[in-house]
Amino acid sequence: MRRATAGDLPAVVALLADDPLGQGREQAGDPAYRAAFDRIEADPAHLLAVAADGDDVVGTLQLSVLPGLSRAGALRGQIEGVRVRRDRRAQGLGDALVRWAVEESRRQGCALVQLTTDLTRADAHRFYERLGFVHTHAGYKRGLLG
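Residues numbered from 1 in each chain as written. Predicted model: local features only at pLDDT ≥ 70, side-chain atom pairs only at ≥ 80, totals over all residues. Heavy atoms only, no water.

Visitor: Looking at this structure, how should I read the environment of Arg85?
Guide: Here Arg85 is to be found in the loop between strand 4 (75-84) and helix 5 (93-107). Take Arg85: its relative accessible area is 23%, and that puts it in the partly exposed class. Residues Arg85 and Val12, 73 residues apart in the sequence, show an inter-C-alpha distance of 9.4 Å. Those residues in contact with Arg85, other than ones at most four positions away along the chain, are Leu15, Asp56, Val57 and Val58. (Helix = DSSP H or I, 4+ residues; strand = E, 2+ residues; numbered from the N terminus. Buried < 20%, exposed > 50% of the residue type's maximum accessible area, 1.4 Å probe, protein only. Contact = heavy atoms within 4.5 Å.)

Visitor: Sorry, what's going on with the sheet that holds strand 5 (residues 110-115) here?
Guide: For sheets, the rule is that strands pair by backbone hydrogen bonds, running either parallel or antiparallel. Read from one edge of the open sheet, five strands run 1-2-3-4-5, paired in mixed fashion. Looking at strand neighbours, the two that pair on one side only are strand 1 (2-3) and strand 5, the edges of this open sheet. As judged from the seven bridges shared by strand 3 (residues 56-66) and strand 4, these two strands associate in the antiparallel manner. Opposite Leu63, over in strand 4, you have Ile79 as the bridge partner. The sheet strands contacting helix 1 (residues 9-17) are strand 2 (46-53), strand 3 and strand 4, and the helix crosses strand 3 at an angle near 85°. (Pairing = 2+ DSSP bridges. Axes fitted to C-alpha atoms, helices over the stretch in contact; angles between N-to-C directions.)

Visitor: I tried to follow the packing of helix 5 against helix 6 (residues 122-130) on my own but got confused; where do I start?
Guide: Axes are the key here: two packed helices are described by the angle between their axes and the distance separating the axes. The contact between helix 5 and helix 6 brings their axes to 11 Å, and the two run at 55°. In terms of orientation, helix 5 and helix 6 fall into the oblique class. Both helix 5 and helix 6 take part in a crossing whose hand is right-handed. Across from Gly94, Asp95 and Val98 in helix 5, the residues of helix 6 making contact are Phe127, Tyr128 and Arg130. Taken together, the residues of the contact of helix 5 with helix 6 break down into three nonpolar, one polar and two charged. (Parallel < 35°, antiparallel > 145°, perpendicular 65-115°, else oblique. Left-handed = near helix turned anticlockwise from the far one by under 90°. Nonpolar A, V, L, I, M, F, W, Y, C, P; charged D, E, K, R; others polar.)

Visitor: What am I meant to see in the pairing of strand 4 here?
Guide: Put simply, side chains in a regular strand alternate between the two faces of the sheet. Of the strand pairs in this sheet, strand 4 and strand 5 are connected by five bridges, and their pairing is parallel. Bridging from a neighbouring strand, Leu75 pairs with Cys110 of strand 5. Handedness of the crossover joining strand 4 and strand 5 through helix 5: right-handed. (Right-handed = clockwise from strand over helix to strand, strands pointing away.)

Visitor: What should I look at first to understand unusual backbone geometry in this one?
Guide: Most peptide bonds are trans, and most residues other than glycine sit at a negative phi. You will see that Ala72, though not glycine, has its phi angle at about 60°, which is positive. By secondary structure assignment, the location of Ala72 is in helix 4 (residues 70-73). Exposure remark for Ala72: the relative accessible area of 83% places this residue in the exposed category. The phi dihedral of Ala90 is positive, around 65°, even though this residue is not glycine.

Visitor: Please explain the nonpolar core as it appears in this structure.
Guide: As a rule of thumb, soluble globular proteins bury nonpolar side chains together. Judged by nonpolar contacts, the single largest core of 18 residues is most densely connected at Leu61, Ile79, Val82, Val98, Tyr128 and Phe133. Those elements that place two or more of their residues in this core are strand 2, strand 3, strand 4, helix 5 and helix 6. For this core, the element with the most residues is helix 5, which contributes four residues. With sequence-adjacent residues up to four places away left out, Ile79 is seen in contact with Leu61, Gln62, Leu63, Val98, Ala101, Val113, Gln114, Leu115, Thr116 and Phe133. (Core = buried A, V, L, I, M, F, W, Y, C linked by side-chain atoms within 4.5 Å.)

Visitor: Would you mind going over the packing of aromatic side chains with me for this structure?
Guide: Aromatic rings in a pair are described by how distant their centres are and how their planes are angled relative to each other. By the definition in use, this model includes two aromatic pairs. Ring centres of Phe127 and Tyr128 lie 5.1 Å apart, and the angle between their planes is 65°; on these two criteria the pair is classed as edge-to-face. The two residues Phe127 and Tyr128 agree in class, both being buried. The interplanar angle of 75° and the centroid separation of 5.9 Å between the aromatic rings of Tyr128 and Phe133 together place this pair among those described as edge-to-face. Look at Tyr128 and you get buried, because its relative accessible area is 10%. Look at Phe133 and you get buried, because its relative accessible area is 16%. Three or more aromatic residues joined by ring pairs make a cluster, and in this case those are Phe127, Tyr128 and Phe133. (Phe/Tyr/Trp six-rings, centres within 6.5 Å; stacked < 30°, edge-to-face > 60°.)

What follows is the structure, encoded as structure tokens:
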């Protein structure tokens, strides 16, 4: 596990696009990814991480540390965009990515770690539950662009 570099962006975007939901929303080569990477990189509360096998990016996730007033001002680790390259799935890499993010959240003083996953991702639900996550809340989203 390591912090992603700008050179990793094509591989990270390819991971984001390699599933039924990502195929319709990710656009390889869009300069918006570089701008987003630069914003993430500039903010110490956010980390784009990759799992690398040598120079080969085989997994990714984003971890954000969110301050809040509830729970007596507790910090929360927010995990986003967990992806493992298709040929490396079912080998424990996703497990290692998420466990790393949980431990990094703990190291940064977070009281809890949370994530969201699309309701259609039944396999992901089982995966997160196996790692100790509990489905305790309903989430809502509202698109603002387009």
